[in-house]
Amino acid sequence: MTNTEYITIKNASRKVLQRMRQIGVEKAQRLQEVQKRWDLGEYKNTEVVQL
Amino acid sequence: MESFVRIFRSLTGDVYHITLSEDHGVLSSEAINTLNDVDIVGVELRRLVGNNATGQEVLSAIENTIAEFFIEHENAIICYYCDFINPIPHTSKNSMPPQEYRSRLFDKMFQRYCQQHGITDVQLSVVEINGINEKYYFHVIYRKSHSSVASIIGRDLREGFDK
């Protein structure tokens with residue numbers, strides 16, 4: 001038995017699509033910021049778990 | 001709700017950063033007002049170091065991190081927006097778009113975790129929104145007791161920003 005349901009939205013409005021794109025751009029910027037903080041050594045006091 | 005951050009290093013030396021934090025930015029203000037005590041939590045994952053193929057131990061660590069957070073926060077609904085900007089290492093240019101790859105992988109990870117742990121009361125909704133040039137994928141993980149809230153989120157993704 002699967003716990004997943006799939007929903008496809010085919011006719012989203014331009015406004016919804018613009019918002020979806022914007023969410024993606026904002027997320028990519030936040031991820032870049034995390035990278036920058038790591039590169040600057042700002043996570044040096046955060047534990048890095050060795051798998 | 002405080003943000004939760006975990007950093008881990010794979011067997012091959014790659015470093016991954018995962019953040020779980022309250023994120024209402026994906027919803028319209030009207031939908032936010034109907035949430036009551038439910039917290040919408042966004043997942044953000046970044047590889048900080050390395051470029052090796054992602055191993056099973058990393059995928060399991062991601063699954064466990066999200067699951068631990070979800071179990072600890074009874075009012076949380078997890079939302080994962082699949083990044084379409086950052087490419088997936090080790091995939092060819094002609095393979096599927098990165099957001100679709102992430103969506104399929106996340107779905108597989110969720111299903112595997114549920115099977116391994118006998119989980120039946122948690123649901124994943126995968127919302128695919130067909131754009132003009134690209135598709136967007138949005139995942140919502142929720143307890144079945146929060147089905148009505150998940151429906152609000154789904155409706156809001158479809159039409160919330162038209163108002």
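Residues numbered from 1 in each chain as written. Chains lettered and ligands numbered in written order. Predicted model: local features only at pLDDT ≥ 70, side-chain atom pairs only at ≥ 80, totals over all residues.

Colleague: Run through the overall build of chain A, naming residues and quoting values.
Modeller: Per the secondary structure count, chain A includes one helix and two strands. In terms of overall size, chain A is more extended than a compact globule, its C-alpha atoms giving a radius of gyration of 18 Å where 51 residues would be expected to give roughly 10 Å. For the C-alpha atoms alone, the extent of chain A along its principal axes is close to 45 × 35 × 10 Å. Taken over 51 residues, chain A has a buried fraction of 16%. (Helix = DSSP H or I, 4+ residues; strand = E, 2+ residues; numbered from the N terminus. Rg over C-alpha atoms; globule rule 2.2 N^0.38 Å. Buried ≥ 20, exposed ≤ 12 C-beta atoms within 10 Å, placed from the backbone.)

Colleague: Describe the interface of chain A and chain B, with residues and values.
Modeller: Between chain A and chain B, the contact holds 31 residues from the first and 43 residues from the second. In terms of residue count, helix α1 (residues 14–39) of chain A provides more of the side of chain A that touches chain B than any other element does, 14 residues in total. Looking at the side of chain A that touches chain B, its residues break down into 16 nonpolar, nine polar and six charged. Pairing analysis gives three bridges linking strand β2 (residues 48–50) of chain A to strand β1 (residues 4–9) of chain B, with the strands arranged parallel. Counterpart to valine 49 of chain A in the pairing with β1 of chain B is phenylalanine 8 of chain B. (Contact = placed C-beta atoms within 7 Å. Nonpolar A, V, L, I, M, F, W, Y, C, P; charged D, E, K, R; others polar. Pairing = 2+ DSSP bridges.)

Colleague: I'd love a proper account of the sheet that holds strand β6 (residues 135–143) of chain B, names of residues and values included.
Modeller: Pairing within the open sheet is mixed, and its eight strands lie in the order β1(A)-β5(B)-β6(B)-β4(B)-β3(B)-β2(B)-β1(B)-β2(A). If you trace the sheet from one side to the other, it starts and ends with β1 (4–9) and β2 of chain A, each paired once. Shown here is a sheet whose adjacent strand axes are inclined to one another by a mean of 25 degrees, direction ignored. (Axes fitted to C-alpha atoms, helices over the stretch in contact; angles between N-to-C directions.)

Colleague: Quick rundown of unusual backbone geometry? Include the residues and the values.
Modeller: Residue and element names in this part refer to chain B. For asparagine 36, which is not a glycine, the phi torsion comes out positive at approximately 55 degrees. By the element assignment, asparagine 36 lies in the loop between α1 (29–33) and β3 (39–49). Assessed through the 7 C-beta atoms surrounding it within 10 Å, asparagine 36 is described here as exposed.

Colleague: Outline the environment of glycine 42 of chain B, listing residues and values.
Modeller: Residue and element names in this part refer to chain B. Inspection of the secondary structure puts glycine 42 in strand β3. On the neighbour-count criterion, glycine 42 (20 C-beta atoms within 10 Å) is buried. In sequence terms glycine 42 and histidine 24 are 18 residues apart; their C-alpha atoms lie 8.3 Å from each other. In contact with glycine 42, not counting residues within four places along its chain, are Ser21, Asp23 and Cys79.

Colleague: Residues and numbers for helix α3 (residues 98–117) of chain B, please.
Modeller: With 20 residues, α3 of chain B should reach 28 Å at 1.5 Å per residue; the first-to-last C-alpha distance of 28 Å fits that figure. Residues Gln99, Arg102, Ser103, Phe106, Phe110 and Cys114 of chain B constitute the buried set of α3 of chain B. In an axial view of α3 of chain B, the angular spread of the buried residues amounts to 100 degrees, which keeps them on one side of the axis. In α3 of chain B, the exposed residues that point more than 90 degrees away from the buried face are Lys108, Gln115 and Gln116 of chain B. Against the buried residues of α3 of chain B lie β1 of chain A together with β4 (76–81), β5 (122–130) and β6 of chain B. Looking at the residues trailing α3 of chain B, positive phi occurs at glycine 118 of chain B, about 60 degrees. (Expected span 1.5 Å × (residues − 1). Arc of directions from axis to C-beta.)

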